[in-house]
Amino acid sequence: LANPPVYPLVLAGLMKVLPFKYEVDLTHSFWSIPGGPEPGKRVFYRYEPDFLIALFNQLLFLAAVTGVFFLARRLFDPAVAWLGSGLMLGTELFWRFSVSGLSTMLLLLIFLGLVWCVVLLEEEAREPKWGPWGIFVLAVLSGAVVGLGGLTRYSFGWLIIPVLVF
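Below or above, wherever it landed, is the structure these notes cover. (Residues numbered from 1 in each chain as written. Predicted model: local features only at pLDDT ≥ 70, side-chain atom pairs only at ≥ 80, totals over all residues. Heavy atoms only, no water.)

1. As for the overall build of the chain
Inference 1: A count of helical and extended segments in the chain gives seven helices and two strands.
Inference 2: Mapped from its N terminus to its C terminus, the chain presents α and β elements in the order α-β-β-α-α-α-α-α-α.
Inference 3: On C-alpha atoms alone, the chain measures out to a radius of gyration of 21 Å, which is more than a quarter above the 15 Å that the 2.2 N^0.38 rule sets for 166 residues.
Inference 4: The dimensions of the chain, computed from C-alpha atoms along their principal axes, are 75 × 40 × 25 Å.
Inference 5: Within the chain, counting contacts between residues at least 6 apart in sequence, those at least 24 apart form 59% of the total.
Inference 6: In the form shown here, the chain has an accessible surface area of approximately 10,600 Å², with 72% of it arising from carbon and sulfur atoms.
Inference 7: Each charge class in the chain can be summarised by its mean position, and for the 11 positive and 11 negative side chains these summaries are 3 Å apart. (Helix = DSSP H or I, 4+ residues; strand = E, 2+ residues; numbered from the N terminus. Rg over C-alpha atoms; globule rule 2.2 N^0.38 Å. Contact = heavy atoms within 4.5 Å. Areas by Shrake-Rupley, 256 points an atom, 1.4 Å probe, with all protein chains shown as cover. Lys, Arg positive; Asp, Glu negative; His and termini not counted. Charge placed at Lys NZ, Arg CZ, Asp CG, Glu CD.)

2. Digging into helix α6 (residues 134–150)
Inference 1: In this model, α6 (17 residues) spans 24 Å end to end at C-alpha, consistent with the 24 Å of a helix rising 1.5 Å per residue.
Inference 2: If you follow the buried residues of α6, they end up packed against α5 (104–126) and α7 (160–165). (Expected span 1.5 Å × (residues − 1).)

3. Remarks on the packing of helix α2 (residues 48–75) against helix α3 (residues 78–89)
Inference 1: Running from amino to carboxyl end, α2 crosses α3 at an angle of 160 degrees, the nearest separation of the two axes being 7 Å. Our classification of the angle between α2 and α3 gives roughly antiparallel. Relative to α3, the crossing made by α2 is right-handed. Contacts from Phe 61, Leu 62, Ala 64, Val 65, Val 68, Phe 69, Ala 72 and Arg 73 of α2 reach α3 at Pro 78, Val 80, Ala 81, Trp 82, Gly 84, Ser 85, Met 88 and Leu 89.
Inference 2: Tallied by class, residues from the contact of α2 with α3 come to 13 nonpolar, two polar and one charged. (Axes fitted to C-alpha atoms, helices over the stretch in contact; angles between N-to-C directions. Parallel < 35°, antiparallel > 145°, perpendicular 65-115°, else oblique. Left-handed = near helix turned anticlockwise from the far one by under 90°. Nonpolar A, V, L, I, M, F, W, Y, C, P; charged D, E, K, R; others polar.)

4. Some remarks on the packing of aromatic side chains
Inference 1: Applying the stated criterion across every chain yields a total of six aromatic pairs.
Inference 2: An angle of 75 degrees between the planes, with centres 5.4 Å apart, marks the rings of Phe 69 and Phe 70 as edge-to-face. (Phe/Tyr/Trp six-rings, centres within 6.5 Å; stacked < 30°, edge-to-face > 60°.)

5. Topic: a nonpolar patch on the surface
Inference 1: Together, Trp 158, Ile 160, Ile 161, Leu 164 and Val 165 make up a nonpolar patch on the protein surface, roughly 590 Å² of accessible area in all.
Inference 2: Judged by its relative accessible area of 70%, Val 165 falls in the exposed class. (Patch = residues over 30% accessible without salt bridge, like charges linked within 9 Å, V, L, I, M, F, W, Y side chains within 5 Å. Salt bridge = Lys/Arg side-chain N within 4 Å of Asp/Glu carboxyl O. Buried < 20%, exposed > 50% of the residue type's maximum accessible area, 1.4 Å probe, protein only.)

6. Some remarks on the nonpolar core
Inference 1: Leu 11, Met 88 and Leu 106 are the most contacted members of the largest nonpolar core, which totals 27 residues.
Inference 2: Looking at this core, the elements that each hand over two or more residues are α1 (6–17), α2, α5 and α6.
Inference 3: Once you skip the residues sitting within four places of it in the chain, Leu 106 turns out to touch Val 6, Tyr 7, Val 10, Leu 60 and Thr 152. (Core = buried A, V, L, I, M, F, W, Y, C linked by side-chain atoms within 4.5 Å.)

7. Quick word on the side chain of Glu 124
Inference 1: Relative to the elements of secondary structure, Glu 124 occurs in helix α5.
Inference 2: It turns out Glu 124 is buried and unbridged, and the closest side chain with the opposite charge, Lys 129, is 6.4 Å from it.
Inference 3: If we ignore the near neighbours within four places in the chain, the residues touching Glu 124 are Lys 129, Trp 130, Gly 131, Gly 134, Ile 135 and Leu 138.

8. Points about the packing of α5 against α6
Inference 1: For the pair α5 and α6, the least separation of the axes is 9 Å and the interaxial angle reads 165 degrees. When the axis of α5 is compared with that of α6, the two are roughly antiparallel. Remark: the crossing between α5 and α6 carries left-handed chirality. Of the residues in α6, those touching α5 at Leu 107, Ile 110, Gly 113, Leu 114, Cys 117, Val 118, Leu 120, Leu 121, Glu 124 and Ala 125 are Gly 134, Ile 135, Leu 138, Ala 139, Leu 141, Ser 142, Val 145, Val 146, Leu 148 and Gly 149.
Inference 2: Taken together, the residues of the contact of α5 with α6 sort by class into 15 nonpolar, four polar and one charged.

9. Observations concerning the side chain of Asn 57
Inference 1: For Asn 57, the location among the structural elements is in helix α2.
Inference 2: In this structure Asn 57 comes out as buried when scored by relative accessible area, which is 0%.
Inference 3: For Asn 57, the side chain forms a polar contact with the side chain of Tyr 7, separated by 3.0 Å.
Inference 4: Apart from residues lying up to four places away in sequence, Asn 57 is in contact with Tyr 7, Ser 98, Gly 101, Leu 102 and Met 105. (Polar contact = N/O pair within 3.5 Å; in protein donor to acceptor, adjacent residues only side chain to side chain.)

Right, here's the structure in full:
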């Protein structure tokens, strides 16, 4: 496969749930602007599916910022959590990726899930809370998250090596 299948599958599910209108709308002011070749005409401005996909990616970005906040608060203290999530929220590169329509925001969220799994795995190895199967379940979950990330962007699959070493 030339393109990994997870992000197109997520977008296909989004397109089934949201009311996507694929025809170009020249009647509403949000989707078009005045100034066509004839007086009173409007020209194409925004394409609704692209706008909704960008909005979905921005929601993924805000979920990633929230994940960074809770992860930093768990590992460090609230000041570090606020600083980390504030810096992430203020990074222009993340905002550009959030409106690009690429799988970067989904992959960032998957990576944060992997970090959560590894943190929980380390805590379970240090102080067992979930019995004899806790480490095994968290190891399988970590592998599944790496597999999901690898099916989102193939190069993410290389993270299986440090996860196996851990």
